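Survey of secondary and tertiary structure
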Amino acid sequence: MVLMSSQEMVESYGGAIGYVVDEATSSKVTVRTKEPLKVGEYVIIKPLNSNEEVLGWVEESIARNELLGDLADLENPHLAGTILRTLMFGQSNTKYFAIVKVLTKIKPLIKMGKQEPPRVAIDPGSEVYKASKEALVKIFSREGDKRFIKLGELAAHPGVGFYVDVTQIVSRHMAVVAVTGAGKSNTVTVLTTRIVKEKNGCVLIFDMHGEYSRLDAEYVNVIEPKLDPTKLDADSFSKLIGLSKDAHKQELYLRNVLTLWKVIENSNVVESKEKFFRILQNMLIELMHTKEMPVIHYDNIALAAQILREYGKFNPTTPLTSIKIALKNANKTKVCEKNDCSDLYTVIDAKSDVNSAIPNLLVKIQDAEQKYKEIFDFDASDVVERIKPASLNVMDLHSLDEDMADIIVSVSLKSILNARKRKVLGEAGSKGKAVLKVPILLVLEEAHILAPANRRTLTKYWVSRITREGRKFGVGLVMVSQRPKGLDQDALSQANNLIVLKLVEPGDQRHVQASSEGLSEELVKHLPSLSVGEALVLGPLAPLPAIVKVDHAEIKKVGQDIDAVDEWEKYHATRDDEEWGTWEE
Ligand SMILES: Nc1ncnc2c1ncn2[C@@H]1O[C@H](COP(=O)(O)OP(=O)(O)OP(=O)(O)O)[C@@H](O)[C@H]1O
């Protein structure tokens, strides 16, 4: 940072643009100005009571005409206008004020890039100047700094580039919120493509509308939303089939059949994993007849699998009996001469559950197999193995319903967090398991659907884990939402960085404000008037809060509005009604 002289800091010392009036505090002042100031504009205040200049920004711009106050009751605008013009004798009596938030003393900001707000109230009468472009460039420009990328320009100071710290986005997470069409996708595209291109970053977007998977660039890696159901752990599987928390019996049987499947899978007695659902169902049907179930401790899976492979005779229609006979005879096998087979298995008496818990579980498994068949792929590898470094990885979820998207995203988030933990902690026992060698930035589109405020979803749990633990393991999360009031408040408040574009609905505004320290009442009032691509940016990602005109993404445009009239016209010009309604390449 280069220290600037006071002269360079302000646009013109010759002309103060206003002065502090009314009651002023150390953090907020009202300024009477000659001309109206723009919200988001930076000003420099020279406090009367101290020689430490401070930087503030305009949070609200006010125009007041006291003459008009008395005329407000007049219903006839022509009459009001005539009286007003007469009273003003051709002079405007409008007075301009600005509510200015005091951000920091200037010296520590320019010298060390540090914000240090003043501790004493600013004296009324203090002069206010416009911050010079040179000063703002010094404060905001991070060109050439390896941690920063450019997001756009200060909206109130065109020509002053605005840069964001990528490390802070990854470690402190972010929310991007706005009404539809305000520029969220464009903002995400600018951020993520620059992170990949300029920083060789690793980004994964969970793309709910298939917008990003259609980006035309060599660094885009599209990941199919597929998962291998046999690799789901018991917890995820129980959530997948929709077991309620208090369905303890069903949970018990489910865990057991999944452990027995592991024995069967490890013993290689079935030729294909695709028999998975069939065998789970056969186990439960068999259980309804035999009314008892072998239970194998997790530690004994490998041993049981060896016995089943070498000494059992596996029948897929009666898997329980096959396993039970093999284990029963285990003591007579060579395997047990070397290993302790004394407590290889026990048996659960299932008599009381054959009419309720077991058939209920069976139906749930059958339903899940049907419901999720589009995303099940027995050859699918762990998502971590499909992510590419220095790439914009995009998981295209547009063809899936919300439940399917939820299961895929939650399983992916879990795998990614665990793979980073393995890398960072070098966890013992991780050999052969997926590892993610570099930090990653995850982008969750439609975050209010996957991590909603008032509903339990699988993704919400992993979002909360990542927002809490991700910082230590290099897993950053960007939540994007057009309906922030529907987004889990806890997740939102864990996002220390915030980009708010146009936001109109008061409920949305209140929800965002409740989880963000820097969003004042005055700024909230301004959110509906932001134009497309204009964003309020708050948090540790930037040197100071700012209203930014986000750059337009250079890459092939995404999420553009469809010009219906134009498309009808084009179709009509070449119409061929024979082909209407069928897909033509
Ligand atoms: N900074 C910008 N400069 C110029 N045009 C922009 C900017 N941001 C967005 N636009 C344009 O505005 C339109 C809507 O933008 P975008 O798709 O990013 O909005 P969105 O908030 O993601 O909308 P949705 O919620 O419907 O996906 C697009 O045509 C886009 O090109």
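Predicted, not measured: the structure shown is a model, and the values here were computed from it. Starting from 1, residues in each chain are numbered consecutively following that chain's sequence as written. Predicted model: local features are reported for residues with pLDDT of at least 70 only, side-chain atom pairs are reported and counted for 80 or more only, and whole-chain, interface and lining totals are derived from all residues. By convention in this description, side-chain values take in all heavy atoms of the structure and omit both hydrogens and water.

**Examining the packing of helix H9 (residues 248–266) against helix H14 (residues 357–371)**
The contact between H9 and H14 brings their axes to 9 Å, and the two run at 65 degrees. Here H9 and H14 pass one another in a crossing that is right-handed. Contacts from Lys249, Gln250, Tyr253 and Leu254 in H9 reach Ala357, Ile358, Asn360, Leu361, Lys364 and Ile365 in H14. As a working rule, the residues Ala, Val, Leu, Ile, Met, Phe, Trp, Tyr, Cys and Pro are called nonpolar, Asp, Glu, Lys and Arg charged, and the rest polar, with Gly in that last group. Looking at the contact of H9 with H14 residue by residue, the classes come out as six nonpolar, two polar and two charged. Angular values range over 0 to 180 degrees, each being the angle between N-to-C directions of two axes fitted as lines to C-alpha atoms, with helices fitted over their stretch in contact. Helix numbering and strand numbering both begin at the N terminus, where a helix is a DSSP run of H or I of at least 4 residues and a strand a DSSP run of E of at least 2. Each crossing is labelled by how the near helix is turned from the far one, with a counterclockwise turn of less than a right angle marking it left-handed and a clockwise turn marking it right-handed. It only takes one pair of heavy atoms within 4.5 Å for two residues to be counted as in contact.

**Points about the site of the ligand**
In the region of the ligand, 18 residues are neighbours, and Thr180, Lys184, Ser185, Asn186 and Val550 sit closest. Distance and chemistry together define a polar contact, namely a pair of N or O atoms within 3.5 Å, with one atom able to donate a hydrogen and the other to accept it when in protein, and with adjacent residues in sequence counting only for side-chain atoms on both sides. Here Ala182 contributes a backbone N or O atom positioned 3.2 Å from an oxygen atom of the ligand. Contact between the ligand and Gly183: an oxygen atom at 3.0 Å from a main-chain N or O atom of the residue. In isolation the ligand offers 630 Å² of accessible surface; the protein chains occlude 81% of this area. For the shell around the ligand, the secondary structure elements donating two or more residues are helix H7 (184–199) and strand S19 (546–550). With three residues, the single largest contributor to the shell around the ligand is H7. Its residues assigned to classes, the shell around the ligand comprises four nonpolar, 10 polar and four charged. Each residue is tested against the molecule or strand, and it is near if at least one of its non-hydrogen atoms lies within 4 Å. Working definition of accessibility: Shrake-Rupley area with a 1.4 Å probe, residue cover restricted to the visible protein chains.

**What to know about the domain arrangement of the protein**
An automatic or database domain assignment provides the domain bounds reported here. Each domain of the protein was delimited in the assignment, giving domain 1 (6–140), domain 2 (167–225 + 380–565) and domain 3 (230–371). Summarising the inter-unit geometry, the C-alpha centres of domain 2 and domain 3 are found 39 Å apart. At the interface, nine residues of domain 2 touch eight residues of domain 3. When two parts are brought into contact, each loses some accessible area as probed by a 1.4 Å sphere; the total of that loss over both is the buried area. Here domain 2 and domain 3 share an interface that buries about 730 Å² over both sides, 56% of which is from carbon and sulfur atoms. A side-chain nitrogen of Lys or Arg and a carboxyl oxygen of Asp or Glu constitute a salt bridge if their distance falls within 4 Å. Our enumeration of links across domain 2 and domain 3 arrives at two salt bridges. No other element matches the five residues that helix H16 (residues 402–425) contributes to the side of domain 2 that touches domain 3. Looking at the side of domain 2 that touches domain 3 residue by residue, the classes come out as five nonpolar, one polar and three charged.

**Structural notes on the nonpolar core**
Nonpolar core, defined: a set of buried Ala, Val, Leu, Ile, Met, Phe, Trp, Tyr and Cys residues in which side-chain atoms within 4.5 Å join the residues together. Throughout this description, buried means an accessible area under 20% of the type-specific maximum (1.4 Å probe, protein chains only), exposed means over 50%, and partly exposed covers the range between. Formed by 166 residues in total, the largest nonpolar core has its most connected members in Tyr42, Phe140, Phe162, Phe237, Ile307, Ile416 and Leu442. Discounting chain neighbours no more than four positions away, the residues touching Ile416 are Leu204, Val383, Val384, Ile387, Leu436, Ile440, Leu442 and Val475. Among the nonpolar cores identified, the runner-up in size contains 15 residues, and Val20, Leu37, Val54 and Val102 belong to it.

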